[in-house]
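# What the coordinates show
Single-letter residue listing:
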Amino acid sequence: MSNIFDVIVAGVGGMGSASLYTLARRGQRVLGLEQFELGHNRGSSHGETRVIRMAYFEGSHYVPLVQRAYTLWDDLSAAAGQSVIVRTGSLEMAEPGHDFVERSEGSCIDHGLAYEVLDGAAIMGRFPAFRVRPETRAIFQPDGGYVLSEDAIGAHARLAVSHGARLHTGERMLDFKTTSDGGVVVRTDRGRYSAAHLVLTTGPWMSRFVPGLVESLATYKQAVAWFRPQVPAISAPGAMPVFIHFSDRGEFYGFPQHGARGIKVGGPHFARVAIDPDEPGREPTAEQVAELCGFVARHIPSAAGTPSAVSGCIYTRTLDEHFVIDRLPDAPQVLVVSPCSGHGYKFAPAIGEIVGDLVMTGGTTANIQPFALARFAAVG
Ligand SMILES: Cc1cc2nc3c(=O)[nH]c(=O)nc-3n(C[C@H](O)[C@H](O)[C@H](O)COP(=O)(O)OP(=O)(O)OC[C@H]3O[C@@H](n4cnc5c(N)ncnc54)[C@H](O)[C@@H]3O)c2cc1C
């Protein structure tokens, strides 16, 4: 079997699986390398679900990207014969002193999205699972929902293989070298491969391969927990939207009941529990679990109690919390694709499409200028 490819995708998690699929579908000879098994629980994409929302307080410029992602999530569901996206509406709630509702509203206005602004009484009247302070404000956007993240990795990878991609799981990239003819040679713990392009989608392990990013990418352990609701009817998708809640205690987010474990809650988003991704343990700390239990007791009392399950996951946070999607300045055949900072998953198929465009045409119509490496001095 030949070890020569058009493209090697290193890291087959959320972004890598989507990239592999786009490239294979477009006829590229592509190899995906994944150090663990598909959908494993040591990176950033496990835990069943990820919020998808159009209202985007992080910046209006993300809206066209997420709109494209919605289309592609629906396409993936159709191609895979399994739905990977559930629409519930998204509710972003903020206590006084936090401007996230206004920022999300700005993104809706900029892009003509449907939305409603609710006060505390209206939030509790319409979505009885929530208890909030009366002065809380919220923005409800009807397109919000969640993506089934592990299912989607499986679907992207399976379809990529059906389009001719080679996928090696349990194989770790050790390093890569650029070649004088403008290509790249990748060395793994099992072999050596060459290609015209290398796509680095190694998530929390990114700075191992781009040392200039060590100061700009930090990895943090984040906690999520599931709680069984005592009143399932008010916690079902539709009766309860995906949500984010901002207050002085931090930003928490969550999902209606999906599966036997109950509603899922995560946060606080701004927690800084540093982790080396090669550390084996992912269990949240006792303090992290206590914070999640406290949030549920205060704001979703019908699900309060001991979690039915807990899990830890890694955020790869950039200094400005925006993504990195760019070529290495001294090796343009190498793409660095790291959309995380805790909000990247929803974009995965749109990112895969951007990777396909950059590799095959040298450019993209998507606005990736805010994700340029040049903003980080060490690699720019
Ligand atoms: C708790 C939590 C909640 C989140 N919530 C949301 C949300 O609600 N909505 C949202 O949009 N985003 C959310 N995010 C962010 C989102 O999940 C990430 O942006 C996304 O998962 C990143 O995908 P990735 O492909 O970059 O990383 P990963 O999915 O981790 O993939 C990287 C892959 O590279 C592999 N790899 C690394 N090094 C090597 C190597 N040397 N050789 C071979 N393979 C290698 C890894 O094993 C891994 O499989 C959340 C993240 C976390 C942690």
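Residues numbered from 1 in each chain as written. Predicted model: local features only at pLDDT ≥ 70, side-chain atom pairs only at ≥ 80, totals over all residues. Heavy atoms only, no water.

Further remarks concern the sheet that holds strand S8 (residues 145-148). Strand pairing within a sheet occurs via backbone hydrogen bonds; the two strands may be parallel or antiparallel. Pairing is antiparallel across the open sheet formed by 3 strands, whose spatial order is S3-S8-S4. The sheet is open, and its two borders are formed by strand S3 (49-52) and strand S4 (85-87), each paired with just one other strand. In this sheet, adjacent strand axes meet at a mean angle of 25° when their direction is disregarded. Here S3 runs beside S8; their pairing, made up of 4 bridges, is antiparallel. Its bridge partner lying in S8, Val51 is registered against Tyr146. Contacts from helix H2 (residues 63-80) reach S3, S4 and S8, with the element oriented near 120° to S4. Its contacts with the sheet place helix H5 (residues 149-162) against S3 and S8, and it is angled at close to 50° to S8. (Pairing = 2+ DSSP bridges. Helix = DSSP H or I, 4+ residues; strand = E, 2+ residues; numbered from the N terminus. Axes fitted to C-alpha atoms, helices over the stretch in contact; angles between N-to-C directions. Contact = heavy atoms within 4.5 Å.)

Let us look at the domain arrangement of the chain. What the domain assignment lists for the chain is domain 1 (4-45 + 150-212 + 321-375) and domain 2 (91-144 + 217-318). On a C-alpha basis, the centroid separation for the pair domain 1 and domain 2 is 30 Å. At the junction of the two partners, domain 1 supplies 20 residues and domain 2 supplies 16 residues. The junction of domain 1 with domain 2 conceals about 1400 Å² of combined surface from both sides, 44% of it contributed by carbon and sulfur atoms. (Domains from an automatic or database assignment. Buried area = accessible area lost by both parts, 1.4 Å probe.)

This part takes up the layout of surface pockets. Empty space within the second largest pocket amounts to approximately 170 Å³. Listed by contribution, the elements that provide at least two residues to the lining of the second largest pocket are H2 and helix H8 (348-361). Tallying contributions element by element places H8 first for the lining of the second largest pocket, with 4 residues. Its residues placed into classes, the lining of the second largest pocket shows 5 nonpolar, 4 polar and 3 charged. (1 Å grid on protein atoms, 1.4 Å probe; cavity = no way out; pocket = protein on both sides within 12 Å on 5 of 7 lines; lining within 4 Å. Points joined across faces, edges and corners; volume = space filled by probe spheres on them. Nonpolar A, V, L, I, M, F, W, Y, C, P; charged D, E, K, R; others polar.)

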